[in-house]
Amino acid sequence: MDLAQQLVRSCVRSFYDTKHILVIDALIIHSAVRDDDMAYLMGMNTKDLHKLCGRLKEDRFLAVHTRPEIKEGQQRPMNRTYYYIDYRATIDSIKWRVYLIDKQVQGNTVPALERKEYFCPRCKSEWTVMEVLDKTGPLGFLCHRCDFLLEQVTNNNQGGHEQSTKLNAQFKFITDLLPKIDQAVIPENNFEQALSSAVKVNRDETNPASETAPLDAAAERPTAVKGLTNTGPTSIAVTITASEGPTEADIAAEKARKKKTAEQNALPVHFTHSTISGEQVKFGANTGSHLESAEPDKKAAGYDTPSANGDSTEIDALFAKLKEEQAKEAQQEQDEEYETDDEEDEDMGFEDVIQTGTGSGVGTPASSFGEGKLTGVPSGLASALKKPSASRSGTSTGVTSPVTGPNTPNEDGRPAKKVRIEEPTPKDEEESEEDVEFEDV
């Protein structure tokens with residue numbers, strides 16, 4: 001342990017500041033120091049101390065441990081930081097840094113064949129021995145660029161060996177202790193061992209230390225139930241199989257689980273089956289599983305009994321009878337509509353009238369109503385022609401056409417309508433007669 005402490009002190013004094021040296025000396029003396037006690041020894045606040053110890057922690061010269069502690073009279077714990085030295089990790093870090101520095105210095109050394117020993121005073125070029133052998137002169141080797149005589153420089157590019165020699169001289173105190181440390185056994189110094197051998201920091205009365213007690217590790221673990229001390233897993237089982245995907249046991253368990261879930265979610269019988277006919281009701285695509293699960297209960301509910309089947313037959317006969325009555329009513333309505341259309345067509349027709357010789361000879365245009373046509377009707381008779389009313393309450397003069405009598409059938413086979421004809425009036429009354437219009441049916 002003395003060799004390890006001597007090595008740590010020597011390295012810190014060679015490469016670190018005074019404050020870092022004081023921190024390492026305090027840790028070597030007290031073994032493990034809390035952050036507030038170290039701040040008291042260093043005469044600084046805790047924040048600056050953490051920043052100062054951060055570099056030493058990165059270089060593995062000290063270790064940090066944090067644990068919860070509770071003050072007397074308080075229930076909420078607080079985290080406390082402790083500093084100590086892990087000598088094994090520190091020695092390994094020193095060896096690694098020395099190796100990297102030595103390798104970096106030796107890497108600058110140039111091999112003898114690649115060393116440029118010839119220099120040209122005119123063009124300032126440098127050449128190796130192998131490069132100047134093929135061009136010689138009476139006085140020595142010549143430059144390949146300007147054919148000037150080269151000068152040999154024997155001490156050029158030999159700084160790598162000098163740096164290595166200088167490094168070994170400066171690191172002698174480290175290189176001498178490392179073989180001795182490798183032969184000795186350095187005991188492990190973790191936080192528990194360092195705290196057990198720690199020396200208490202003596203404080204004056206003006207700056208008393210706050211007494212805290214470490215919190216039990218079991219109390220740190222969160223508990224779901226008050227008073228439960230062991231909440232961690234007791235055992236972990238790992239199963240390794242060569243087959244891909246789920247095993248047969250997993251598939252069977254999944255099927256059983258789905259079947260049990262389907263039975264639990266099955267709808268009652270009065271939801272899935274009709275209470276009248278006993279037929280299964282289809283709600284949608286998502287209810288197939290529920291309907292299938294309710295199918296076995298149909299027989300138990302009494303839907304297949306003779307009484308249920310007889311009731312369904314009577315209901316079907318009743319619905320068929322209702323359909324027949326509806327069809328008859330629809331046929332009757334269509335017949336009535338057809339008869340009404342025929343009567344309207346009969347009322348809208350006109351009869352043909354023979355032109356008499358007493359008229360003016362001016363014919364009226366043919367009417368578009370009905371199938372009868374008025375051709376060559378005199379203007380005197382045109383004002384006297386009137387249709388009978390739609391209610392057939394009008395009277396006729398009894399004068400009929402010599403061609404079409406009262407009962408003469410027309411082209412459609414229906415009897416012709418009667419026409420009321422009035423005697424022509426004098427010519428001075430023609431203007432008033434033209435104002436007479438046909439009646440609308």
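Structure shown above.
Just so it is clear, the model here is predicted, and its values are computed rather than measured.

### A short note on the overall build of the protein chain
Consideration 1: Looking only at helices and strands, the protein chain has 17 helices and 7 strands in total.
Consideration 2: Taken across its 441 residues, the protein chain has 25% of its residues classed as buried.
Consideration 3: Relative to all contacts within the protein chain whose residues are 6 or more apart in sequence, the contacts with residues 24 or more apart total 56%.
Consideration 4: With an accessible surface of roughly 31,400 Å², the protein chain has 51% of that area assigned to carbon and sulfur atoms.

### Examining the packing of helix 5 (residues 87-106) against helix 8 (residues 172-183)
Consideration 1: Running from amino to carboxyl end, helix 5 crosses helix 8 at an angle of 135°, the nearest separation of the two axes being 12 Å. On the basis of their axis angle, the class for helix 5 and helix 8 is oblique. In this structure, helix 5 crosses over helix 8, and the sense of that crossing is left-handed. When helix 5 is examined against helix 8, the residues Ile91, Ile94, Lys95 and Val98 are found in contact with a partner set consisting of Ile174, Leu178, Ile181 and Asp182.
Consideration 2: Across the contact of helix 5 with helix 8, the residue classes break down as 6 nonpolar, no polar and 2 charged.

### Some remarks on the packing of helix 1 (residues 2-15) against helix 8
The angle between the axes and the distance between the axes are what describe a pair of packed helices.
Consideration 1: Where helix 1 contacts helix 8, the axes come no closer than 10 Å and their chain directions differ by 160°. Classed by the angle they form, the pair helix 1 and helix 8 counts as roughly antiparallel. At the point where helix 1 passes helix 8, the crossing takes the left-handed sense. Contacts from Leu3, Ala4, Gln6, Leu7, Ser10, Cys11, Ser14 and Phe15 of helix 1 reach helix 8 at Phe173, Ile174, Leu177, Leu178, Lys180 and Ile181.
Consideration 2: Class assignment of the residues belonging to the contact of helix 1 with helix 8 gives a composition of 10 nonpolar, 3 polar and 1 charged.

### Considering helix 2 (residues 18-30)
Consideration 1: Here helix 2 is 13 residues long and its end C-alpha atoms lie 18 Å apart, about the 18 Å a rise of 1.5 Å per residue gives.
Consideration 2: Three or more residues of helix 2 are buried, namely His20, Ile21, Val23, Ile24, Asp25, Ala26, Leu27, Ile28 and His30.
Consideration 3: Where helix 2 terminates, the next one or two residues include Ser31, which has phi positive at roughly 70°.

### Observations concerning the sheet that holds strand 4 (residues 118-119)
Consideration 1: The 3 strands are arranged 5-4-6 in an open sheet whose pairing can be described as antiparallel. In the strand order of this sheet, the two ends are held by strand 5 (126-127) and strand 6 (151-152), each with one partner.
Consideration 2: Relative to strand 5, strand 4 is paired through 2 bridges, and the arrangement is antiparallel. Following the sheet pairing, Tyr118 is matched in strand 5 by Trp127.

### Considerations on the side chain of Ser31
Consideration 1: Along the polypeptide, Ser31 turns up in the loop between helix 2 and strand 1 (32-34).
Consideration 2: According to the relative accessible area criterion, Ser31 is buried, its value standing at 13%.
Consideration 3: One polar contact links the side chain of Ser31 to the main-chain carbonyl oxygen of Ala194, over a distance of 2.9 Å.
Consideration 4: In this structure the side chain of Ser31 is engaged in a polar contact, spanning 3.3 Å, whose partner is the side chain of Ser197.

### Some thoughts on a negative patch on the surface
Consideration 1: Residues Glu324, Glu325, Glu329, Glu333, Asp335, Glu336, Glu337 and Glu339 make up a contiguous surface patch of negative charge.
Consideration 2: Tracing the chain through its elements places Glu339 in helix 15 (residues 306-347).
Consideration 3: Residue class for Glu339 comes out partly exposed when judged on its relative accessible area of 49%.

### Digging into the pairing of strand 3 (residues 78-84)
The side chains of a regular strand alternate, residue by residue, between the two faces of the sheet.
Consideration 1: Burial runs high along strand 3: 5 of the 7 residues are buried.
Consideration 2: Counting the residues in the hairpin turn of strand 2 (residues 63-71) and strand 3 gives 6 residues, including Gly73, whose phi is positive at 90°.

### Thoughts on unusual backbone geometry
Consideration 1: With phi around 70°, Ser31 is a residue other than glycine that occupies positive phi space.
Consideration 2: Although it is not a glycine, Arg60 adopts a positive phi angle of roughly 65°.
Consideration 3: Looking at where Arg60 falls in the secondary structure, it is placed in the loop between helix 4 (46-58) and strand 2.

### Details of the side chain of Asp35
Consideration 1: Examined against the element boundaries, Asp35 turns out to sit in helix 3 (residues 35-42).
Consideration 2: Each residue touching Asp35, except ones within four places of it in the same chain, is listed here: Thr46, Leu49, His50, Arg80, Thr81 and Tyr83.

### Quick word on the pairing of strand 2
Consideration 1: One ladder, built from 7 bridges, connects strand 2 with strand 3; its direction is antiparallel. Bridging from a neighbouring strand, Ala63 pairs with Tyr84 of strand 3.

### Notes on the pattern of salt bridges
Consideration 1: Counted under the stated rule, the structure contains 11 salt bridges.
Consideration 2: Close ionic contact of Asp25 with Arg13 constitutes a salt bridge, the shortest N to O distance being 3.0 Å. Taken together, the residues Asp25 in helix 2 and Arg13 in helix 1 connect sequence positions 12 residues apart.
Consideration 3: Relative accessible area serves as the criterion here: at 46%, Arg13 is assigned to the partly exposed category.
Consideration 4: Between Asp37 and Arg203 there is a salt bridge whose closest N-O contact spans 2.9 Å. Separated by 166 residues along the polypeptide, Asp37 in helix 3 and Arg203 in the loop between helix 9 (191-196) and strand 7 (212-214) bring together distant segments of the chain.

### Description of the packing of aromatic side chains
Consideration 1: A complete count under the given rule lists 6 aromatic pairs for this structure.
Consideration 2: Aromatic pair Tyr16 and Phe61: ring centres 5.3 Å apart, planes at 75°, arrangement edge-to-face. With a gap of 45 residues between them, Tyr16 in the loop between helix 1 and helix 2 and Phe61 in the loop between helix 4 and strand 2 connect regions that are remote in the sequence.
Consideration 3: Phe61 gets classed as buried once you look at its relative accessible area, which sits at 4%.
Consideration 4: Three or more aromatic residues link up through ring pairs in this structure, and these residues are Tyr82, Tyr84 and Phe191.

The rules behind these values
Residues numbered from 1 in each chain as written. Predicted model: local features only at pLDDT ≥ 70, side-chain atom pairs only at ≥ 80, totals over all residues. Heavy atoms only, no water. Helix = DSSP H or I, 4+ residues; strand = E, 2+ residues; numbered from the N terminus. Buried < 20%, exposed > 50% of the residue type's maximum accessible area, 1.4 Å probe, protein only. Contact = heavy atoms within 4.5 Å. Areas by Shrake-Rupley, 256 points an atom, 1.4 Å probe, with all protein chains shown as cover. Axes fitted to C-alpha atoms, helices over the stretch in contact; angles between N-to-C directions. Parallel < 35°, antiparallel > 145°, perpendicular 65-115°, else oblique. Left-handed = near helix turned anticlockwise from the far one by under 90°. Nonpolar A, V, L, I, M, F, W, Y, C, P; charged D, E, K, R; others polar. Expected span 1.5 Å × (residues − 1). Pairing = 2+ DSSP bridges. Polar contact = N/O pair within 3.5 Å; in protein donor to acceptor, adjacent residues only side chain to side chain. Patch = residues over 30% accessible without salt bridge, like charges linked within 9 Å, V, L, I, M, F, W, Y side chains within 5 Å. Salt bridge = Lys/Arg side-chain N within 4 Å of Asp/Glu carboxyl O. Lys, Arg positive; Asp, Glu negative; His and termini not counted. Charge placed at Lys NZ, Arg CZ, Asp CG, Glu CD. Phe/Tyr/Trp six-rings, centres within 6.5 Å; stacked < 30°, edge-to-face > 60°.

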